[in-house]
Amino acid sequence: MKSAFLPDRGVIKVAGDDARNFLNGLITTDLDRLKPGLGRFGALLTPQGKIIVDFLITEAPAGHGGGFLIDCPRALADTLATKLKFYKLRAKVTVDILDLGVLAAWDGSPAAQPDLAFTDPRNGELGIRILIPEDLKQKLSDLIGAELVDASDYEAHRIALGVPRGGLDFMYSDAFPHETNMDRLAGVDFDKGCYVGQEVVSRMQHRGTARTRSVKVLLDGPSPEAGATILAGDKPVGTIGSSARGKGIALVRIDRVADALDAGQPLTAGGLAVKLAEPDVVRIPAKQPTA
């Protein structure tokens, strides 16, 4: 088993008598399905349905004071905390940024189950997350029987699984949940009550109007720079995101890429070849006629 401390992640705690209902009315995931030891994937959206911050969230056990712990991008922790406080009004909740980070562990089963640990709900192969101070990363790695490696090894693992990362594979406040595959990564609960941006997200789900998607790509040789335009001939069809070890993630217009594949046009970025790892992912199923 491998583990890596992720220096780009921070932790926010939301606690208080109204914390569950308060968060449920704001974010995309259903906290009624959450309890200590479990994790959920979700986001806070703009009223227009675009992602302000995406995150993982778990419920803290009573021994850690209860409440909810949000594993979010460290650079956006202040932004998220400020947004939550803005929505707080008279709700009985507190919002605090904690001096904790995130240890990710994958490729095996932990020898022990530490506190504040949960399985990554986006993809089981991403392993577990443990919320700890950075100075405990070696001790916790030893406890669970994991080899502590560099965060770049986890990044390569994430990229190989095709799980997008905000700021690299899509831009915050500029992408809808469907475009970053949140609907496919258990990040949106379509049967829960109202939350900010729900109307737009529900419309995209029911009408099937998502035309931009994050996809896995294969890179033969050097990787194009992040942000490079993907071309089919001379027509832009997407943008390269993060890449490592011959694999990458791209944000593409699936209809344009499907047309290019049908026409036998190769995809390039920065003059370098780009191939879809799963070509069928850009095919939109035909709607079945109603009786």
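Residues numbered from 1 in each chain as written. Predicted model: local features only at pLDDT ≥ 70, side-chain atom pairs only at ≥ 80, totals over all residues. Heavy atoms only, no water.

Peer 1: Explain the overall build of the protein here, please?
Peer 2: Scanning the protein from terminus to terminus reveals six helices and 16 strands. Relative to the 2.2 N^0.38 estimate, which gives 19 Å for 291 residues, the radius of gyration of the protein is 20 Å and therefore close to what a compact globule would have. Across its three principal directions, the C-alpha atoms of the protein cover 60 × 50 × 35 Å. The buried share among the 291 residues of the protein stands at 51%. Considering only residue pairs separated by 6 or more positions, the protein has 69% of its internal contacts joining residues 24 or more positions apart. Counting only carbon and sulfur atoms, one obtains 49% of the accessible surface of the protein, whose full area is about 13,800 Å². Here the protein contributes 35 positive and 37 negative side-chain charges, whose respective centroids are spaced 5 Å apart. (Helix = DSSP H or I, 4+ residues; strand = E, 2+ residues; numbered from the N terminus. Rg over C-alpha atoms; globule rule 2.2 N^0.38 Å. Buried < 20%, exposed > 50% of the residue type's maximum accessible area, 1.4 Å probe, protein only. Contact = heavy atoms within 4.5 Å. Areas by Shrake-Rupley, 256 points an atom, 1.4 Å probe, with all protein chains shown as cover. Lys, Arg positive; Asp, Glu negative; His and termini not counted. Charge placed at Lys NZ, Arg CZ, Asp CG, Glu CD.)

Peer 1: How do you make sense of the packing of aromatic side chains when you look at a structure like this?
Peer 2: Describing an aromatic ring pair means giving the distance of the ring centres and the angle of the ring planes. Per the stated rule, a full pass over the model turns up three aromatic pairs. Plain terms: the ring middles of Trp 106 and Tyr 154 are 5.4 Å apart, the flat faces sit at 70 degrees to each other, and that makes the pair edge-to-face. Taken together, the residues Trp 106 in strand 7 (residues 101-106) and Tyr 154 in helix 4 (residues 151-161) connect sequence positions 48 residues apart. By relative accessible area, which is 2% here, Trp 106 ends up buried. Taken together, a centroid distance of 5.3 Å and an interplanar angle of 75 degrees make the contact between Phe 170 and Tyr 172 edge-to-face. (Phe/Tyr/Trp six-rings, centres within 6.5 Å; stacked < 30°, edge-to-face > 60°.)

Peer 1: Would you take a moment to explain the side chain of Gln 198 for this structure?
Peer 2: Looking at the secondary structure, you find Gln 198 in helix 5 (residues 198-207). Among all residues touching Gln 198, those that are not within four sequence positions of it are Lys 192 and Gly 193.

Peer 1: I tried to follow unusual backbone geometry on my own but got confused; where do I start?
Peer 2: Glycine aside, a negative phi is what most residues show, and trans is what most peptide bonds show. For Asn 181, which is not glycine, the phi dihedral falls at a positive 65 degrees. Looking at where Asn 181 falls in the secondary structure, it is placed in the loop between helix 4 and helix 5. A positive phi angle is found at Ala 186, which is not glycine, with a value near 60 degrees. Among the secondary structure elements, Ala 186 is positioned in the loop between helix 4 and helix 5.

Peer 1: Mind showing me how you'd approach the side chain of Asp 169 here?
Peer 2: Relative to the helices and strands, Asp 169 is located in the loop between helix 4 and helix 5. Take Asp 169: its relative accessible area is 5%, and that puts it in the buried class. Only 2.8 Å separates the side chain of Asp 169 from the backbone nitrogen of Arg 165, close enough to count as a polar contact. From its side chain, Asp 169 meets the backbone nitrogen of Ser 242 in a polar contact 2.7 Å long. Aside from chain neighbours lying at most four places away, what touches Asp 169 is Arg 158, Val 163, Pro 164, Gly 241, Ser 242, Ile 249 and Leu 251. (Polar contact = N/O pair within 3.5 Å; in protein donor to acceptor, adjacent residues only side chain to side chain.)

Peer 1: It is not clear to me how helix 6 (residues 254-262) should be interpreted in this structure. Could you clarify?
Peer 2: The α-helix advances 3.6 residues per turn, and as a result positions three or four apart in sequence lie on the same side. Within the sequence span of helix 6, burial applies to Ile 254, Val 257, Ala 258 and Ala 260. All buried residues of helix 6 fall inside an arc of 160 degrees around its axis, so they share one side. Exposed side of helix 6, more than 90 degrees from the buried face: Asp 259 and Asp 262 are the residues found there. Each element contacted by the buried residues of helix 6 is listed here: strand 11 (212-219), strand 12 (229-232), strand 13 (235-244), strand 14 (247-253), strand 15 (267-269) and strand 16 (272-276). (Arc of directions from axis to C-beta.)

Peer 1: Help me understand the sheet that holds strand 11 in this model?
Peer 2: As a general point, the strands of a sheet are linked pairwise by backbone hydrogen bonds and lie either parallel or antiparallel. Ordered by their spatial adjacency, six strands build a closed barrel running 11-14-13-12-15-16, and the pairing between neighbours is antiparallel. Between one strand and the next, the sheet's axes are offset by a mean angle of 40 degrees, whatever the strand orientation. As judged from the three bridges shared by strand 15 and strand 16, these two strands associate in the antiparallel manner. Counterpart to Leu 267 in the pairing with strand 16 is Val 274. Helix 6 contacts strand 11, strand 12, strand 13, strand 14, strand 15 and strand 16 of the sheet and is inclined by roughly 105 degrees relative to strand 14. (Pairing = 2+ DSSP bridges. Axes fitted to C-alpha atoms, helices over the stretch in contact; angles between N-to-C directions.)

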